[in-house]
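One letter stands for each residue in the lines below.
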Amino acid sequence: MAIHFTLNGKPTTLDVNPDMPLLWALRDTLNMTGTKFGCGMALCGACTVHINGEATRSCITPVSSLAGKKVTTIEGLSADNSHPVQKAWMEIDVPQCGYCQSGQIMSAAAFLAKTPNPTDAQIDDAMSGNICRCGTYNQIRKAIRVAAKLQAGGSKSASSDTGGETESAMERADVLAGGAE
Amino acid sequence: MSAVTTSIDRRNFLKTSLAGATGLIVGFYLPGRREVLAAGTEPAVLNAFIHVSPEDKVTILISKSEMGQGVVTSLSMLAAEELECDWKRIHWEFAPADKAYFDPAFGMQGTGGSQSVHSGWVPMRQAGATAREMLIAAAAQKWGVDASECRGENGAVVHTATKRRATYGSVAEAAGKLTPPTDVKLKDPSQFKIVGKPTKRLDTPDKVCGKATFGIDARRPGMLHASVEHCPVFGGSVVSFDGTKAKAIPGVKDVVPIMTGQPPVVTGVAVVADNTWTAFQARKALDIKWDEGPNANASNASIFREFEERSQKEGVVARKEGDAASALSSASQKVEAVYRAPYQAHATMEPMNCVADVQADRVDIWAPTQFQTPSQQIAAGIAGVTPDKSFVHTTYLGGGFGRRGWSDFVIEACQLSKSMKAPVQVTWKREDDMQHDYYRPASYIKMAAGLDASGKPTAFTARVACDSIMNWFFPGSIKNGMDSSSVEGVQDIAYDIPNILVDYQLTPGPIPMGFWRSVGASQNGFFSESFVDELAAAAKKDPYEFRRDLLSKKPRHLGVLNMAAEKAGWGKPLPRGVYRGIAVLEAFDTFVAEVAEISINKDNSVRVHRIVCALDCGQVVNPSIIEQQAMGAMVFGLTQTLKGEITIDKGRVVQANFDTNEPLRMNECPKMEVYIVPSKEVPRGMGEPAVPPVAPAVCNAIFAATGKRIRKLPVRSEDLA
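Residues numbered from 1 in each chain as written. Chains lettered and ligands numbered in written order. Predicted model: local features only at pLDDT ≥ 70, side-chain atom pairs only at ≥ 80, totals over all residues.

Description of the domain arrangement of chain B
Residue and element names in this part refer to chain B. If you check the domain split of chain B, you get domain 1 (4-201), domain 2 (215-293 + 352-427) and domain 3 (300-343 + 439-720). Measuring from the centre of the C-alpha atoms in domain 2 to the corresponding centre in domain 3 gives 37 Å. On the side of domain 3, 9 residues touch domain 2, which itself brings 10 residues to the contact. Class assignment of the residues belonging to the side of domain 2 that touches domain 3 gives a composition of 5 nonpolar, 3 polar and 2 charged. (Domains from an automatic or database assignment. Contact = placed C-beta atoms within 7 Å. Nonpolar A, V, L, I, M, F, W, Y, C, P; charged D, E, K, R; others polar.)

A few points about the sheet that holds strand E20 (residues 390-394) of chain B
Residue and element names in this part refer to chain B. Pairing within the open sheet is mixed, and its 7 strands lie in the order E13-E14-E11-E21-E18-E19-E20. Two strands lie at the open edges of the sheet, namely strand E13 (252-260) and E20, each paired on one side alone. The mean inter-strand angle of the sheet, taken between neighbouring strand axes irrespective of direction, is 25 degrees. With 4 bridges connecting them, strand E18 (residues 353-358) and strand E21 (residues 424-427) associate as antiparallel partners. Bridging from a neighbouring strand, Asn-353 pairs with Thr-427 of E21. Contacting E18, strand E19 (363-367) and E20, helix H9 (residues 372-383) crosses the sheet at an angle of about 140 degrees to E20. (Pairing = 2+ DSSP bridges. Helix = DSSP H or I, 4+ residues; strand = E, 2+ residues; numbered from the N terminus. Axes fitted to C-alpha atoms, helices over the stretch in contact; angles between N-to-C directions.)

Here's the deal with the sheet that holds strand E26 (residues 590-600) of chain B
Residues and elements named next belong to chain B. The 4 strands lie next to each other as E25-E26-E27-E30, forming an open sheet whose pairing is mixed. Lying at the two open borders of the sheet, with one neighbouring strand each, are strand E25 (579-587) and strand E30 (671-676). Strand-to-strand twist across the sheet, computed as the mean angle between neighbouring axes with direction ignored, equals 15 degrees. Bridge analysis of E25 against E26 gives 9 bridges, and the strand direction is antiparallel. Considered in E26, the bridge of Tyr-579 is made with Ile-598.

Section: the environment of Ser-76 of chain B
Residue and element names in this part refer to chain B. Within the fold, Ser-76 resides in helix H1 (residues 71-83). Overall, Ser-76 belongs to the buried group, with 29 C-beta atoms counted inside 10 Å. Between the C-alpha atom of Ser-76 and that of Arg-125, which follows or precedes it by 49 residues, the distance is 9.4 Å. In this structure, Ser-76 is in contact with Ile-60, Ile-90, Trp-92 and Leu-202, ignoring residues within four places of it in sequence. (Buried ≥ 20, exposed ≤ 12 C-beta atoms within 10 Å, placed from the backbone.)

Here's the deal with helix H3 (residues 84-92) of chain A
All names here are of chain A. In terms of burial, H3 is a largely internal element, 9 of the 9 residues being buried. If you check which residues of H3 are buried, you get Pro-84, Val-85, Gln-86, Lys-87, Ala-88, Trp-89, Met-90, Glu-91 and Ile-92. Just downstream of H3, Asp-93 is the residue with a positive phi angle, here 55 degrees.

Examining the confidence of the model for chain B
Residue and element names in this part refer to chain B. Here chain B shows a mean pLDDT of 92. Residues at 70 or above account for 93%. Within the model, the stretch residues 1-22 combines pLDDT values under 50 with 43 contacts to residues more than four positions away or in other chains. In the model, residues 27-47 has pLDDT below 50 throughout and makes 48 contacts with residues more than four positions away in sequence or in other chains. Confidence estimates for the predicted assembly give a pTM of 0.93 and an ipTM of 0.93. (pLDDT = per-residue confidence, 0-100.)

Some remarks on the domain arrangement of chain A
Residue and element names in this part refer to chain A. Segmentation of chain A into domains returns domain 1 (3-77) and domain 2 (84-172). Across the contact, 16 residues belong to domain 1 and 14 residues belong to domain 2. Elements with a contribution of two residues or more to the side of domain 1 that touches domain 2: strand E3 (48-51), strand E4 (54-57) and helix H2 (74-77). Take the side of domain 1 that touches domain 2: its biggest share by element is 3 residues, from E3. Of the residues belonging to the side of domain 1 that touches domain 2, the class tally is 7 nonpolar, 7 polar and 2 charged.

Okay, here's the thing in structure tokens:
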């Protein structure tokens, strides 16, 4: 039975086993591989997409549940990496291996849409469903704070607040080399 | 430091061309270290390539696998520094599998051992400098001026006197016809414009929009999807199987046996389908009769019992200085302890996978592999073609940590493609990945030390019992019972102790062993640096000062130890309930000290608030990536300290997914600070060395908080009750 829904703004029809999780319909049927398989049990968050704006684990979401809904994947977040979360991720240089980052970004984008001025504790709570084995958590925390500012329209202040973060280690090295400490 | 002049033997210099490429292509044979090459292989160690197209596209070929460690960016920086090209317009590609890209440290093409920046440090800069000189020579010839009057600048050759300018692309083709210079001068580090500066990663833009292609994202026309049911017991095999029910499921194309081992036996059964999910689902309908083999009763208890028995007997000596036995017997105080570490899974976020396309006269694989050469050879063997007809397309790796040095996923994909006469992608479920890993060895160690009346150590002994990684990777390669990876992190204990004896009881077991981020130091660092903390306590000395006094002859250890202590505010008051621990280790020639601040929750779980890391990895190539890698390694180290563990029951792995073997999550992640000790030494890697100090720093802080000594990982709340 064909399922009709909206995918990244476009009307889409899927004619697959209705039990098939959205993750595999995206990856294998629609060849949209930006959404990642990590665990198959909604434990790691690598497969996170937005369904009607809610961050949702696509690995346990059957295609049958999508009729009439709006699905956004990482490919649909922006056409040109211009979403505030993507911009912040590039500014802080968050990804290492990058495999979990589609899911991290989708979780962060849904979270910031509802919580534009998050506290550190809210960030940790919202993002703890997304595992990063490379350990980019500190960078994600920073990037979410930057994204919140970008989202609020303060791109310049965001940049000046955090642009130096990646330089910190070297600045320290320079200072020490110069015997200033 | 003066400018380095490099001499390149003309015979060792290779000008080559990629299929269909025009313009200038430069690469190097790297002299030396040929003894590591396997017999029969040519001594061609071509390490770097630069391609300048007539259209002004500068492409750096990356011979290493990008698994998050930033090697695409770091190696490109080294080449670009000398090439004098426009960094903002740099392109890069993963290199094909070829002898030209062998790493001299391994005698093959592969990524590991925190080796990439170190082994690329000279050759990548030489490649850049040589390419620049050839481009300058071509432009000078065109202008009829002397090459010494010209310079490379921002992607162009400039004639200084007349300010004439020729883009690299415009002279690339002519440059490609010139004889390469036999020696080039490399810049003094004081002249560096790119190297040493915080530089954004080249791979980030593709990793924030889903465009980066990992192995699991490879797609080929007509590709089928497969998933393999492996024998749940290590060393078991398939007696018989019936795929009738699975084949009746819509979308299933076939059910195919997988053969592994020497001699090959059927150890798994694959379902091939038109999508991954159907292949996963149809595995449940397979009817397989297993022969569980000789290991069906293996368990953690039986394995550790064997370690304990073996440790009663003398092992093969890894290090012997002085007479530790007599020094121990005459010591005024003796400290003894037994420590244990469990198996660990790599648990890369991207489960194992591979795409293979076996054809009559060639094979192509799209693989997230750390070791291209074995992958190439294995694919060729299965396809029945020579290795030069075996093409490895290295993808991004969704984490590696050593797991992807193995090629088991390549074997499966190639066998399935050959059988199906079509491109096949094999994808492992998370459960397959966790239960069929090559694990960090579980290990058991007995340590003893003697202290004199003043509390100074006079003797240290350690006996390690565990299985050997090298024996699993190269079966039969361990002839004398010594695998240095089993003892690294304790054998190289740096403290000034006059009598030392470290020996090793290689204890073969049924669980597959593999390289795991920081390898032997990941467990031995916990053992040795926790035990040294025990010695400080026995001597009634401050753990930092105790270490400092015993490292007076080890300036680089001392440098990071002092910086970590200073930056952490060692000795200064902490909030109520918060305690510090410290550890310092060298791994892969990089020196790291860490100070952890922890508290104990009401439920006896451990909260890590902050880790301060000081490191000395030689000269800095990209401080941003060093910081990233150190922080990532600390998170990896915290997982093994507080959470991660693989246990064995009935010959199989108990844990299956992230619910039972859960990596650290963001809400558990402490604040981390990274400080780089300036150094003029040759650069060393940062992918691994910040892992080992985490466990001892945290456990030493637990001792400070509770008086309880953690001698077995991971830390469990019941240990602190």
